[in-house]
Amino acid sequence: DFEYQAIEAQHDRTEIQGQVFELYLRYLVISNRLEEIYDQIVQPQKRILIRKLLDNCLGRMLELKHDLVIIDMTEFSYNDAIVEKLGLTPLSMEVAVPRYFRREREEQLNERKKFMDDILKKIGALDEEVVEEELSELEAIRIIQTHERARQGRLRAQFMKELKLLKEKGKPDSSRDKSTTGLNAAMKIQKTWRGYATRRQTRRKKMEEMILIGMVPAPVTSARTALDELEDLKQFRYKQQKTFQDDYERSLVRVKEEISVKQGAAMTEDIADEIRTWFKEYQKRTGRLPDFPSEEAGGSRHLLSRQGTESEMSRSSVLSSRESKLKGSGKEKLAQKKPGELSLEEGLDKAFKPMQSSFLPEIKSGIEEYTEVWKGKDESQNLRQTYYDDMIYEEKYADVEAELRRIVDEIMRQELELLQIALERDRGGKKLKKSSKKARRSGKKGKKKKDKDLTPDRTTESLFEELVTNGIIKKYPETPIKSYVGDLSYAARSALNPSPGDVRQLIKQYCILPLGSETIRNFGPCIKSLLIAGPKGSGKTSLVHAICTETGSVLFDISPPNIVGKYPGKSGLIMLMHLISKVSRLLQPSVIYFGDAEKPFMKKIPKTDRTDPKRLKKDLPKLVKNIQPEDRIMLIGTSDCPWEGDMKLMVQTYQRFIYIPRPDYGALSFAWKELLSHYSGVHRQFDTGAMAKISDGYTIGSVVRCIREVITCKRMLQLRVHPLTHLELINALSALEPVYKEEEEAFLYWWCKTPLGRRRSKQMEKDHEAMMEMENVPKKKK
């Protein structure tokens, strides 16, 4: 990877694409393995290093993903030769969402959910759960007695009915031979039973054979399996993790207090003596007192390091480079290309040059830390994998020393000033001015003017309650990202025909990972806004809910129908945008959702639309602009007909555009099979391929709606007796609207007008012209 960072600018995009794609896949596989390790390992000090490596590997993977977008000029990249070279399967190529995004914030999320439920119950928007009162023992016995007497009464009635029938049959019939009649009856019963038993045995053998060769999935059994045992083991490890982490945190506090009490005074004296000795040596050598560095410059540590050959503080570290990235001057920020933004001209006439990685040095330092600390460590005495006292002591000793050094530095600065004053007085000179004031003045100039806080005296809880009461902050259904069913693309792949698995992967990389991890958001490619476009029922809103679910985000809904009549007037709109901006920062991560994203940018609003969608036309770009790179906030818009909006205005608000096409045969077949498998009464040999062929042109949302309409609670109980038929599903499906060809063509035309689509079209035109020139040259020679 370091070699890739150092390469010269490349014009051959095919060669560089293979190199970048291989690095991207390697980091993806490593990230998935590290995520599994971090989720299961219990030793608290190892977890710190693994978490650091995991976040930085995911961040580096996203950097390479953005490089691939620039190279391929599409959001989706493919290279089967590299996949075959690395021996990967499509399942191993999908990035896993780290489980710590939610697991380490579980208590906070539960408290927030409870607080929101209480507010909704207070305003009557949520029905209170009726808690059933526990029955007393006497009442329970009476209910059991009532049911048992009713059961015995029904049995008695049935018995009397059978006796009556027997009496009628028992009337004398001289023409019938009793012995012959009984034999014939027995033979008929035997024949029926033997035929039934043989057919059942044949069906069982056939099903076992189909399961063995993988043609039919294995039936879901209630018996305890190895997967259940593995899940129990995981839960046990989670408990161990929490116990060991609590012990480790208590030990950190205890050891620091012990070092401060027992060795604090001696450490303070040693530091002061060391600095005073340095003052004397410096005065003897130069004849004057030294200038004491400020705390930002390193203080006495920097002062004393100058007597050696190399300064520890002057070394370029990952931390210093990352801080310089965050604290860089305004001119440098303007000149530097922001990762996540794409310029139309880039890459057409210019050669491709990789972006400088913010994560690679950190990964290298993590590997070095592992090699120095953990690789050769003897852990035979710590089989339970609890914390190590010696490592805590070293860490806290350095922390205490740094804190005491800051205190001693302040005292030494005062002493140095007094010595300087005394020296000037002895020489008869004037008193020197303090340089610290100048530094303070210069520091004020660089400060950015902060926006005025319209609600300075209100608490976060009161602001949160106001937005929940007005329906701006909404409660969303728990939707895991895996519920967006579909595989990655295997064939017929293009930028305009991604599979549901490709879209799911892109949502993870652009939205879930940056919102879930502070490290990735602070130093990785920053995408502040995203537009998801696709026909109705393609799963756009479900993806928004999945993003919120996987990251534990707060959902702000500012769609035109949702804010109509709320915060009226210009002052009300200013207050609304201020509240959203302020509360979204206080409750990070946050997702600001905007449905019908094309409506604010339409040239003419239909007269039937009373929602005033143009109300937020000017405020949306400002809202995105005010999102800082370190803020885990994202604006996500969805649209069913994005071509109705002005593309130039939409580009000012949304940085990236994702198009979800109607599903192909493979995606529909997978969806039918996956969704019907949730119903145990549906036969495993139900022909889902036929339904996929019939439902061509419909979205997966239509498939979900069709299944829900057909398989009701009553129909579910009848599935064993009356199996599900294709006709039932076809009748329900025919009542829904498919995606027509004209609508699909409108989506494709719209995507070609997006920044990435225009850039790709220009590149294809350029390649076509070059190919035509190459074909014409040999003809002229002939």
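Please read these numbers as outputs of a predicted model, since none were measured by experiment. (Residues numbered from 1 in each chain as written. Predicted model: local features only at pLDDT ≥ 70, side-chain atom pairs only at ≥ 80, totals over all residues. Heavy atoms only, no water.)

*Asks:* Could you give an account of the overall build of the chain, with specific residues and numbers?
*Replies:* Tallying secondary structure elements over the chain gives 30 helices and six strands in all. A total of 782 residues make up the chain; the buried ones form 40% of that total. Considering only intrachain contacts with a sequence separation of at least 6, the fraction spanning at least 24 residues in the chain is 81%. (Helix = DSSP H or I, 4+ residues; strand = E, 2+ residues; numbered from the N terminus. Buried < 20%, exposed > 50% of the residue type's maximum accessible area, 1.4 Å probe, protein only. Contact = heavy atoms within 4.5 Å.)

*Asks:* Can you explain the packing of helix α2 (residues 13-40) against helix α9 (residues 226-286)? Please cite residues and give values.
*Replies:* Packing of α2 against α9 leaves a shortest axis separation of 8 Å and a crossing angle of 65 degrees. Classified by the interaxial angle, the pair formed by α2 and α9 is roughly perpendicular. Between α2 and α9, the residues in contact are Glu 36, Tyr 38, Asp 39 and Gln 40 and Lys 234, Arg 237, Tyr 238 and Gln 241, respectively. Looking at the contact of α2 with α9, its residues break down into two nonpolar, two polar and four charged. (Axes fitted to C-alpha atoms, helices over the stretch in contact; angles between N-to-C directions. Parallel < 35°, antiparallel > 145°, perpendicular 65-115°, else oblique. Nonpolar A, V, L, I, M, F, W, Y, C, P; charged D, E, K, R; others polar.)

*Asks:* A description of the nonpolar core should follow, citing residues and the corresponding values.
*Replies:* By size, the foremost hydrophobic cluster in this structure holds 70 residues, and its most contacted members are Met 61 and Ile 507. Those residues in contact with Met 61, other than ones at most four positions away along the chain, are Tyr 24, Tyr 27, Leu 28, Val 95, Gln 509 and Leu 513. Within the second largest apolar cluster, 42 residues are counted, among which are Met 116, Phe 464, Leu 579 and Leu 616. (Core = buried A, V, L, I, M, F, W, Y, C linked by side-chain atoms within 4.5 Å.)

*Asks:* Now, about a positive patch on the surface: what can you tell me, with residues and values included?
*Replies:* Residues Lys 570, Lys 614, Lys 617, Lys 618 and Lys 622 make up a contiguous surface patch of positive charge. Within the fold, Lys 614 resides in the loop between β4 (590-594) and α22 (619-625). Given a relative accessible area of 31%, Lys 614 falls into the partly exposed group. (Patch = residues over 30% accessible without salt bridge, like charges linked within 9 Å, V, L, I, M, F, W, Y side chains within 5 Å. Areas by Shrake-Rupley, 256 points an atom, 1.4 Å probe, with all protein chains shown as cover. Salt bridge = Lys/Arg side-chain N within 4 Å of Asp/Glu carboxyl O. Lys, Arg positive; Asp, Glu negative; His and termini not counted. Charge placed at Lys NZ, Arg CZ, Asp CG, Glu CD.)

*Asks:* A description of the pairing of strand β6 (residues 656-659) should follow, citing residues and the corresponding values.
*Replies:* Burial along β6 is two-sided: Arg 656 and Ile 658 and Phe 657 and Tyr 659, pointing in opposite directions, are all buried. Where strand β2 (residues 529-533) and β6 come together, four bridges link them in parallel fashion. When the sheet's bridge partners are listed, Leu 531 is paired in β6 with Phe 657. (Pairing = 2+ DSSP bridges.)

*Asks:* Before we move on, can you summarise the sheet that holds strand β1 (residues 473-474) with the specific residues and values?
*Replies:* Taking strand neighbours across the sheet as the criterion, the six strands line up as β1-β3-β4-β5-β2-β6 in an open arrangement whose pairing is mixed. At either margin of the open sheet sits one strand with a lone partner, and together these are β1 and β6. Of the pairings in the sheet, the one linking β4 to strand β5 (residues 633-639) comprises five bridges and is parallel in character. When the bridges of β5 are listed, Ile 592 appears paired with Leu 635.

*Asks:* Can you lay out helix α21 (residues 569-586) for me, pointing to particular residues and giving the numbers?
*Replies:* Taking 1.5 Å per residue, 18 residues should reach 26 Å; α21 reaches 26 Å between its end C-alpha atoms and fits that length. Gly 572, Leu 573, Leu 576, Met 577, His 578, Leu 579, Ile 580, Ser 581, Lys 582, Val 583 and Ser 584 are the residues of α21 that are buried. (Expected span 1.5 Å × (residues − 1).)

*Asks:* Now, about the pairing of β5: what can you tell me, with residues and values included?
*Replies:* For a regular strand, side-chain orientation follows a simple rule: the groups alternate between the two sheet faces. Taken across its seven residues, β5 has seven buried, putting it largely inside the fold. Covered by surrounding structure in β5 are Ile 633, Leu 635, Gly 637 and Ser 639 together with Met 634, Ile 636 and Thr 638, the residues of both alternating faces. Pairing analysis gives five bridges linking β2 to β5, with the strands arranged parallel. Its bridge partner being in β5, Leu 530 is matched across the sheet by Ile 636. Considered for its hand, the β-α-β crossover made up of β4, α22 and β5 is right-handed. (Right-handed = clockwise from strand over helix to strand, strands pointing away.)

*Asks:* Give me the lowdown on the packing of aromatic side chains, citing residues and values where you can.
*Replies:* For the structure shown, the criterion picks out 10 aromatic pairs. Their ring planes at 45 degrees and their centres at 5.9 Å tell us that Phe 21 and Tyr 24 sit as a pair that is tilted. A residue pair is termed a helical-turn pair when its members lie 3 or 4 positions apart in one helix, as Phe 21 and Tyr 24 do in helix α2 at three residues. Tyr 24 matches Phe 21 in its accessibility class, with the two residues each being buried. Aromatic ring contacts, followed pair by pair, group Tyr 38, Tyr 100 and Phe 101 into a single cluster. Its end group placed over the ring of Tyr 38, Arg 47 keeps NZ or CZ at 4.2 Å from the ring centre. Positioned above the aromatic ring of Tyr 238, the side-chain terminus of Arg 103 is 3.9 Å from the ring centre. (Phe/Tyr/Trp six-rings, centres within 6.5 Å; stacked < 30°, edge-to-face > 60°. Lys NZ or Arg CZ within 6 Å of the ring centre and 35° of its normal.)

*Asks:* Residues and numbers for the packing of helix α17 (residues 500-516) against helix α19 (residues 540-551), please.
*Replies:* It is the contact of α17 with α19, at a shortest axis distance of 10 Å, that shows an interaxial angle of 40 degrees. In terms of their interaxial angle, α17 and α19 are classed as oblique. Seen from above, α17 lies across α19 with right-handed handedness. Residues Val 503, Ile 507, Cys 511, Ile 512, Leu 515 and Gly 516 of α17 form the contact with α19, whose participating residues are Leu 543, Ile 547, Glu 550 and Thr 551. Here the contact of α17 with α19 is composed, by residue class, of seven nonpolar, two polar and one charged. (Left-handed = near helix turned anticlockwise from the far one by under 90°.)

*Asks:* Go over the environment of Ala 81, please, and point to the residues and values.
*Replies:* By secondary structure assignment, the location of Ala 81 is in helix α4 (residues 80-86). Owing to a relative accessible area of 52%, Ala 81 belongs among the exposed residues under this scheme. For the pair Ala 81 and Gly 18, spaced 63 residues apart in the sequence, the C-alpha separation amounts to 8.4 Å.

*Asks:* Explain the confidence of the model for the chain to me, and be specific about the residues and the numbers.
*Replies:* When the pLDDT values of the chain are averaged, the result is 81; 86% of them are 70 or greater. Helix α7 (residues 137-169) holds the highest mean pLDDT among the elements of the chain, 91, whereas helix α12 (residues 330-335) holds the lowest, 38. When the criterion is pLDDT under 50, residues 307-321 qualifies, and its contacts beyond four places in sequence or with other chains add up to 13 contacts. (pLDDT = per-residue confidence, 0-100.)

*Asks:* Describe in detail the pattern of salt bridges, supporting the description with residues and values.
*Replies:* Within this structure, the stated rule accounts for 42 salt bridges. Across the pair Arg 51 and Asp 55 runs a salt bridge, and its minimum N-O distance is 3.2 Å. One end of the pair is Arg 51 and the other is Asp 55, both in helix α3 (residues 44-72) and four residues apart, which spans about a single turn. Put simply, Arg 705 and Glu 709 hold a salt bridge, and the shortest N to O gap is 3.5 Å. Of this pair, Arg 705 and Glu 709 both sit in helix α26 (residues 700-710), separated by four residues, roughly a single helical turn. A relative accessible area of 41% means that Glu 709 is categorised as partly exposed. A single salt-bridge network, built from bridges that share partners, covers Glu 35, Glu 36, Asp 39, Arg 99 and Arg 103.

*Asks:* Run through the side chain of Asp 409, naming residues and quoting values.
*Replies:* Structurally, Asp 409 can be placed in helix α14 (residues 389-427). One buried charged side chain, Asp 409, makes no salt bridge at all; its nearest oppositely charged neighbour is Arg 413, positioned 4.7 Å away. Leave out the neighbours within four places in its chain, and Asp 409 touches Ile 275, Phe 292, Gly 299 and Ser 300.

*Asks:* Describe the side chain of Ser 559, listing the residues and the values that go with them.
*Replies:* Within the element layout of this structure, Ser 559 appears in the loop between β3 (554-557) and α20 (560-563). Polar side-chain contacts of Ser 559 include one of 2.7 Å to the side chain of Asp 557. Those residues within four positions of Ser 559 in sequence are excluded, and the remaining contacts are Tyr 593, Phe 594 and Gly 595. (Polar contact = N/O pair within 3.5 Å; in protein donor to acceptor, adjacent residues only side chain to side chain.)

*Asks:* Kindly report on a nonpolar patch on the surface, identifying the contributing residues and their values.
*Replies:* A surface patch of nonpolar side chains, about 370 Å² in accessible area, is lined by Phe 159, Met 160, Leu 163 and Leu 166. If you trace the backbone, Met 160 turns up in helix α7. Met 160 sits in the partly exposed class, given a relative accessible area of 42%.

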